[in-house]
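Topology and contacts: notes
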Amino acid sequence: MSAVLQEDLTGSEAEACEPIVVVGTGPVGIKVVEELLQRDATTPIVIFGNEPWEPYNRVRLSSLLTGELNLSGIQNPLRLPERHQVVQHHNCEVVSIDRANQLVIDQSGKSQRYSRLVLATGSSPRIPHIEGITEKKGIYTFRNLDDAQQLIARRARCRRAVVLGGGLLGLEAARGLQKHGTEVVVIEHSNRLMAQQLDPAAAELLHEHLSTLNIRVMLESSVKRVLGDTEITGLLLRSGRQVECDTLVIATGIQANLGLARDAGLSVGRGIRVNDRMQTSDPCIYAVGECSEHRDRVYGLVAPGLEQAGVAAHCIHGGKSSYLGSQSATRLKVVGVPVFSMGPTGEHEISSSVKTLSFRSYNSDVYRRLLIKRGRLVGAIAYGDWPEISRVQETIRRSRYVWPAQVRRFMKTGLLWPEQEAENVADWPASTVVCQCTGVKRGALTQAVGAGHHSVEALCAATGASSVCGSCKPLLAELVGRPELEPEKGSRTLIGTGIISLLAALALLVAPAIPFPDSVQTSLRWDLLWRESLLKQITGFSLLGIGALISSISLRKRIPRFSFGTFGSWRVVHVALGALGIATLIAHTGLRLGHNLNLLLMLSFVGLLLVGSVASAVIGMQHRLPRVAAKRTRELSLWMHILLLWPLPALLAFHILKTYWY
């Protein structure tokens with residue numbers, strides 16, 4: 001699961017006398033600034049970037065190389081509030097840190113004080129130790145916008161290119177060059193493509209797809225020397241084979257940019273070492289993204305860096321947050337094909353305790369693999385479209401159970417859930433009613449999202465959806481892209497009361513009847529509750545009154561005029577009345593189920609209590625349960641309520657008539 005834990009703000013605010021300095025204008029550095037401003041729009045911030053460009057999205061560089069996007073399409077401008085105090089320095093590299101005086105010094109020699117410093121310096125391409133690789137023209141890396149523009153300029157004169165590295169960046173570079181008529185060869189030292197993300201079966205499908213694009217792949221090959229005098233003319237492989245080329249693109253991995261931190265005396269390993277608050281060995285300096293090393297791990301993906309940015313910003317503003325690590329997940333299109341990988345998918349990461357299930361559709365080149373540990377989904381690999389991929393990702397992140405029925409369905413169809421359940425709410429027809437209580441349709445909700453209402457609370461305020469019973473909140477959360485729900489108000493009360501009611505209802509069924517006293521001289525005559533006609537009538541009509549009150553609460557949901565109070569509070573009252581009803585029923589019957597129609601009446605009462613207690617517990621826990629499982633349980637409880645309630649009036653009427661008639 002995503003391992004970011006945030007608590008309420010405590011402690012002092014960040015020092016206001018000096019600004020917060022952020023070094024790095026990549027996606028993670030920009031995210032830090034936005035998170036800081038979200039908590040306080042007037043936070044003084046100074047940003048340093050060593051590139052001449054405005055902030056841009058590095059993930060989309062391959063689309064720029066292929067021509068699918070232009071420069072404006074990859075821009076990632078900083079969204080600034082009206083009263084901001086943000087100063088941006090682009091093409092201005094920070095060359096040193098004076099920790100004693102809390103200063104950063106830029107390339108022009110100017111210094112800037114800081115109250116807190118955030119290092120988001122990212123990473124650089126790893127250049128392998130190959131003879132001649134740094135001495136000749138025609139050799140490029142593919143990591144930043146400068147690299148992409150140089151490759152775009154090179155395309156006009158490039159006839160045969162070699163991409164060194166069969167990972168994500170290498171394959172994207174190969175696609176970008178091939179689309180413009182260049183003959184492309186990919187050389188990979190491993191035995192398969194994208195070895196860190198894909199298993200052999202998925203990698204083989206990807207290999208076949210590259211062949212259809214006329215991109216040649218050479219596996220288990222390594223380069224010994226770069227050929228040519230001043231410009232590259234080819235490569236000599238360690239096998240003795242030569243590969244002719246006029247362009248070489250190096251995509252053999254990345255390494256964290258540590259120079260600034262190392263020179264400042266900060267603790268470094270493969271990255272800048274940080275604690276769970278993203279602080280370095282200097283508590284005034286934070287590090288996030290690809291340059292940071294958390295618990296001996298460096299993440300080379302954007303998503304973990306964005307999570308780290310939120311934690312760092314929260315802590316800088318005085319909050320208590322902890323970053324506990326992230327699930328490694330790759331979900332993108334590689335050379336035009338959707339590829340997904342999440343969890344411990346590497347060869348050396350899969351232990352003997354992990355069970356693997358695979359599905360292959362040979363007529364559509366779809367491959368899916370599940371990794372299950374002790375019944376829980378811990379990882380998955382997919383090549384090709386997978387409609388339920390968002391749900392799979394959420395299931396892995398929460399390490400949820402995969403039931404035997406789901407396993408059977410996956411082996412037959414490649415799906416874990418029925419197709420109608422795998423469909424996202426956003427794909428429902430516009431006329432579909434999402435909130436059954438208020439009648440709000442999907443089209444109205446989508447319009448509200450488009451108007452800027454990007455949270456469940458904002459949608460509720462704008463449309464009224466989920467303002468009544470709240471059972472459609474999971475659907476609203478999915479619609480705004482935030483499947484994690486906040487607990488219902490009074491959720492603990494609902495869960496606790498539901499469990500107590502469940503145990504009490506079961507006791508009514510299995511517990512022995514309360515015995516009558518052995519002697520009439522007993523000081524406490526509890527048997528009068530069942531022998532004395534007046535007391536019997538009091539408990540009976542009390543039970544009837546409690547039932548009427550419980551039924552009247554449904555007016556809050558059915559009649560708009562009954563709108564005072566929150567539905568959550570009415571629900572808690574409903575459950576509390578149910579618990580009181582159980583106590584009254586015990587007082588009225590002494591745990592005796594009776595016979596004939598009296599037995600049917602008692603079973604109807606007990607059934608309603610059982611169904612209600614289960615529904616109460618599920619509603620209280622729905623923020624922890626799968627959306628479909630919670631929805632099904634609520635629907636089942638509704639129909640069971642109707643089924644058990646339908647004969648109750650007739651049975652009660654007969655019971656009362658019989659009592660007074662005889």
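Residue numbers here run from 1 along each chain, matching the order of that chain's written sequence. Confidence filtering applies because this is a predicted model: local features only for residues at pLDDT of at least 70, side-chain atom pairs given and counted only at 80 or more, and all residues used for totals across whole chains, interfaces and linings. The side-chain values count all of the structure's non-hydrogen atoms but skip hydrogen atoms and water molecules.

Concerning the overall build of the protein chain
Each helix is a run of H or I in the DSSP string that is no shorter than four residues. Each strand is a run of E no shorter than two, and both are numbered from the N terminus. The helix and strand inventory of the protein chain stands at 21 helices and 29 strands. For the protein chain, buried positions account for 46% of its 662 residues. Contact between two residues is taken to exist if any of their heavy atoms lie within 4.5 Å; hydrogens are not considered. Long-range pairs, those at least 24 residues apart, make up 63% of the contacts in the protein chain with a sequence separation of at least 6. When the accessible area of the protein chain is evaluated, it comes to approximately 33200 Å², of which 55% is carbon and sulfur surface. Here's how the labels work: a residue is buried when its accessible area is under 20% of the maximum for its type, exposed when over 50%, partly exposed in between, all with a 1.4 Å probe on protein chains only. All accessible-area figures derive from a Shrake-Rupley calculation using a 1.4 Å probe, and residue coverage is judged against the displayed protein chains alone.

Some remarks on the packing of helix α1 (residues 27-39) against helix α7 (residues 302-316)
Simply put, an axis is a line fit to the C-alpha atoms, just over the touching stretch for a helix, and the angle between two N-to-C directions goes from 0 to 180 degrees. Axis separation between α1 and α7 bottoms out at 8 Å; the angle between their running directions is 35°. Note on packing geometry: the crossing formed by α1 with α7 is right-handed. Only Val302, Gly305, Leu306, Ala309, Gly310, Ala313, His314 and Ile316 of α7 make contact with α1, whose side of the interface consists of Pro27, Val28, Lys31, Val32, Glu35, Leu36 and Arg39. Residue classes in the contact of α1 with α7 are distributed as nine nonpolar, three polar and three charged. We call a crossing left-handed when the near helix sits turned anticlockwise from the far one by less than a right angle, and right-handed when that turn is clockwise. Classes in brief: Ala, Val, Leu, Ile, Met, Phe, Trp, Tyr, Cys and Pro nonpolar; Asp, Glu, Lys and Arg charged; the others, Gly included, polar.

Quick notes on the pairing of strand β2 (residues 20-23)
Of the two faces of β2, both are covered, the one formed by Ile20 and Val22 as well as the one formed by Val21 and Val23. Two strands make a pair as long as DSSP finds a minimum of two bridges between them. Of the pairings in the sheet, the one linking β2 to strand β3 (residues 44-48) comprises four bridges and is parallel in character. Considered in β3, the bridge of Val23 is made with Phe48. When the strands point away from the viewer and the connection leading from the first strand across the helix to the second strand turns clockwise, the crossover is called right-handed. The parallel pair β2 and β3, bridged by α1, forms a crossover whose chirality is right-handed. Judged from the four bridges that link them, β2 and strand β8 (residues 116-119) form a sheet pairing that is parallel. Directly across from Ile20, in β8, lies its bridge partner Arg116.

Considerations on the packing of aromatic side chains
A pair of Phe, Tyr and Trp rings is counted when the ring centres sit within 6.5 Å of each other, with Trp represented by its six-membered ring. The angle between the planes then sorts it: under 30 degrees is stacked, over 60 is edge-to-face, the rest tilted. If you walk through the whole model with that rule in mind, you get four aromatic pairs. In textbook terms, an aromatic cluster arises when at least three aromatic residues are bridged by ring pairs, as seen for Phe359, Trp386 and Phe410. Criterion for a charge above a ring: Lys NZ or Arg CZ within 6 Å of the ring centre, and within 35 degrees of the ring normal. Directly above the ring of Tyr401 sits Arg376, whose terminal nitrogen or CZ lies 4.0 Å from the centroid.

Thoughts on unusual backbone geometry
Even without glycine at this site, Arg374 takes up a positive phi of about 50°. Mapped onto the elements of the fold, Arg374 is located in the loop between β26 (366-373) and β27 (376-383). Overall, Arg374 belongs to the exposed group, its relative accessible area being 73%. Positive phi, close to 50°, is recorded for Ser399, a residue that is not glycine. On the secondary structure map, Ser399 appears in the loop between α8 (389-397) and α9 (404-413). Note on Ser399: relative accessible area 25%, which makes it partly exposed.

Regarding the sheet that holds strand β14 (residues 223-227)
Within the open sheet, the three strands sit side by side as β14-β15-β16. Their pairing is antiparallel. The sheet terminates laterally at β14 and β16 (242-244), the two strands that pair on one side only. Along the sheet, successive strands turn relative to each other by an average axial angle of 20°, direction set aside. The sheet contact formed by strand β15 (residues 234-237) and β16 spans three bridges and is antiparallel. Pairing of Leu236 across the sheet is with Gln242, part of β16.

As for the sheet that holds strand β20 (residues 285-287)
A sheet is described by the order of its strands in space; here five strands give the open sequence β4-β3-β2-β8-β20, paired in parallel fashion. Strands at the two margins of the open sheet, each flanked by one partner only, are β4 (85-89) and β20. On average, each strand axis in the sheet is inclined to that of its neighbour by 15°, with strand direction left out of account. On the sheet, α7 packs against β2, β8 and β20 and is oriented at approximately 165° with respect to β20.

Some thoughts on the pattern of salt bridges
A side chain with one charge can pair with a side chain of the opposite charge if their charged atoms come near. What makes a salt bridge here is a side-chain nitrogen of Lys or Arg within 4 Å of a carboxyl oxygen of Asp or Glu, nothing more. Scanning all chains against the criterion turns up 15 salt bridges. One salt bridge in this structure joins Arg369 and Asp199, with 3.2 Å as the shortest N-O distance. Here Arg369, found in strand β26, pairs with Asp199, found in the loop between β12 (183-188) and α5 (200-212); they are 170 residues apart in sequence, far enough to count as distant. For the pair shown, Arg369 and Asp199 are each scored as buried. Connected through shared salt-bridge partners, Glu68, Glu172, Arg175 and Lys179 make up one network.

Quick look at the confidence of the model for the protein chain
Confidence along the protein chain averages 82 in pLDDT terms, with 83% of residues attaining 70 or more. Scored between 0 and 100, pLDDT is the confidence that the predictor attaches to each residue. Segment residues 1-15 is flagged for pLDDT under 50; beyond a separation of four residues in sequence, or across chains, it makes 43 contacts in the model.

Details of the nonpolar core
Ranked by internal contacts, the top residues of the largest apolar core, which has 48 residues, are Ile97, Leu117 and Leu119. Among all residues touching Leu119, those that are not within four sequence positions of it are Val23, Ile97, Leu260, Ala261, Leu266, Ile272, Ile285, Tyr286, Ala287, Val288 and Cys291. Counting 37 residues, the second-largest nonpolar core is a separate cluster that includes Tyr140, Ile215, Val335 and Val339. Residues belong to one nonpolar core when they are buried, are Ala, Val, Leu, Ile, Met, Phe, Trp, Tyr or Cys, and are joined through side-chain atoms within 4.5 Å.

A word on the side chain of Thr280
Here Thr280 shows up in the loop between β19 (272-274) and β20. A residue is classified by how much of its surface remains accessible, and Thr280, at 7% relative accessible area, is buried. We call two N or O atoms a polar contact when they sit within 3.5 Å, provided that within protein one can donate a hydrogen and the other can accept it, with sequence-adjacent residues counted only if both atoms are side-chain atoms. Reaching out from Thr280, the side chain makes a polar contact with the backbone oxygen of Asp282 at a distance of 3.1 Å. Each residue touching Thr280, except ones within four places of it in the same chain, is listed here: Leu266, Ile272, Arg273, Val274, Ile285, Tyr286 and Ala287.

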